[in-house]
Each structure stands twice: as structure tokens, then as C-alpha cells.
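Okay, here's what each chain looks like letter by letter:
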Amino acid sequence: MVRGRAHPRLLQTAAYARKLVSDRLPPQNDETVEERVVTRLERQALLTGRKPPVACCFLLYEAALRSPLVDREQPERLSEASRLRNIVTQVPSFERAFSNALEGPTVLIETRDRERYAFAEGAFASELTADPGSVARVTESLGMIRTRALDPDESARFIERMVKGRE
């Protein structure tokens, strides 16, 4: 099981990933941008390539969905992914989100052996930990954010409205 907040990397189109990777300071050279885009796209195989498929829950903050970097294809990709049986997508809307939903990507991972890891990404540092206390705090935080997010059906309709609004 992979649970995460605002961690759409597994759901990104190549064009959107390229915009995110190339729109950074300090600027990255073209080779680094392409390497990172390829890596992001390869991770998408986790969604459909495993048998049985990996169960994933994504919390995508509304601001990330409304960013000027989001092109027409990105909401379409999110809409397609949310229809997969192993994917649950929820949108914490502007009105409902906790402020820590803005802190950056956070991922909770549980392996087949029931080992649990938490990963948090910030502007200048990232951390992967198996510390039970840290994993418990991430689990609690993601759980609370999910309680405020639109439910999966409402979220799918929200994303679908975004697709229709960009046509």
C-alpha cells in the first residue's frame, strides 16, 4: 500500500513532469531534466505493471491541480488513473485542507512484509524513515488530511470538471 499527500509523480504526464523539473532554481541542464522526467515516468509502472497491482491512495491538493503549469493532458491523466481499481484519489479542496497539506509531498509505504516507511520531501531536503514514531506521525497526518478531503467520488467529479473546463 502506498499512501501519499500531494505526490502526483506517479500520475504525471511527460509534459507536466518536464515543466515541474525544468521550472526550478537553480536551473537544471537539459540532460538532468530529461533523466528526471524519464525516472518519474518509469515509476508509473508501479500503478499497472505489478501483479497483483499496488494499491495507492493519492491526496492531490486543489492548488496543485489549478497551477498554471497544469496543461489539458494532466487532469485527463488524473481522471484516467482515478478509474483504476488500485487507485484512490482524493482532493483536499481550498476550503477543507489543513495547512500542513501544503508542506510538500509525503508518502507512506507499506511493504508486503508489513514494513512501514515514511518519505517527506521538502524544498531543500528529503527524508525516508522507518522510525516507528515518525511513521506514526505521518500516518496520523495523512489520515487527518483525508478526513477533510473530498471523498473519492466527489474528487473524481472535481477532476472531471477540470478536464471539461480545459477543453
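To start, this report covers the structure provided alongside it. Sequence order as written defines the numbering, with residues in each chain counted from 1. Where totals are concerned, whole chains, interfaces and linings use all residues; where local detail is concerned, this predicted model gives features only for residues with pLDDT of at least 70, and gives and counts side-chain atom pairs only at 80 or more. To obtain the side-chain values, all non-hydrogen atoms of the structure were included, while hydrogens and water were left out.

## A word on the overall build of the protein
Moving on, step 1. Think of it this way: any DSSP run of H or I at least four residues long counts as a helix, any run of E at least two long counts as a strand, and we number them from the N terminus. Across its full length, the protein carries 7 helices and 6 strands.
Moving on, step 2. Traced from its N-terminal end to its C-terminal end, the protein shows the element sequence β-α-α-α-β-α-α-β-β-β-β-α-α.
Moving on, step 3. Contacts were defined at the residue level, with two residues in contact if any of their heavy atoms lie within 4.5 Å. Put simply, of all contacts in the protein between residues at least 6 apart along the chain, 74% involve residues at least 24 apart.
Moving on, step 4. Carbon together with sulfur atoms contributes 53% to the accessible area of the protein, which is approximately 9,800 Å² in total. Surface accessibility follows the Shrake-Rupley procedure with a 1.4 Å probe radius. Residue values consider only the protein chains on display as shielding.

## Some points on the nonpolar core
Moving on, step 1. In terms of nonpolar packing, the biggest core is built from 14 residues, with Leu65 and Phe158 touching the most fellow members.
Moving on, step 2. Of all elements in the fold, only β2 (56-59), α5 (73-82) and α7 (152-165) reach the threshold of two or more residues within this core.
Moving on, step 3. Among the elements that make up this core, the one with the highest residue count is α7 (3 residues).
Moving on, step 4. Note on terminology: a nonpolar core comprises buried Ala, Val, Leu, Ile, Met, Phe, Trp, Tyr and Cys residues joined through side-chain atoms within 4.5 Å. Only protein chains enter the area calculation, which uses a 1.4 Å probe; residues under 20% of their type maximum are buried, those over 50% are exposed, and those in between are partly exposed. With 8 residues, the next largest nonpolar core counts Leu59, Val135, Val138 and Ile145 among its residues.

## A short note on the environment of Arg72
Moving on, step 1. With respect to the helices and strands, the residue Arg72 is situated in the loop between α4 (62-66) and α5.
Moving on, step 2. In this structure, the C-alpha to C-alpha distance between Arg72 and Gly165, residues 93 residues apart in sequence, is 9.1 Å.
Moving on, step 3. Counted as a polar contact is a pair of N or O atoms within 3.5 Å, where, for protein atoms, one must be capable of donating a hydrogen and the other of accepting one, and residues adjacent in sequence contribute only when both atoms are in side chains. Within the structure, the side chain of Arg72 is placed 3.0 Å from the side chain of Glu76, a separation counted as a polar contact.

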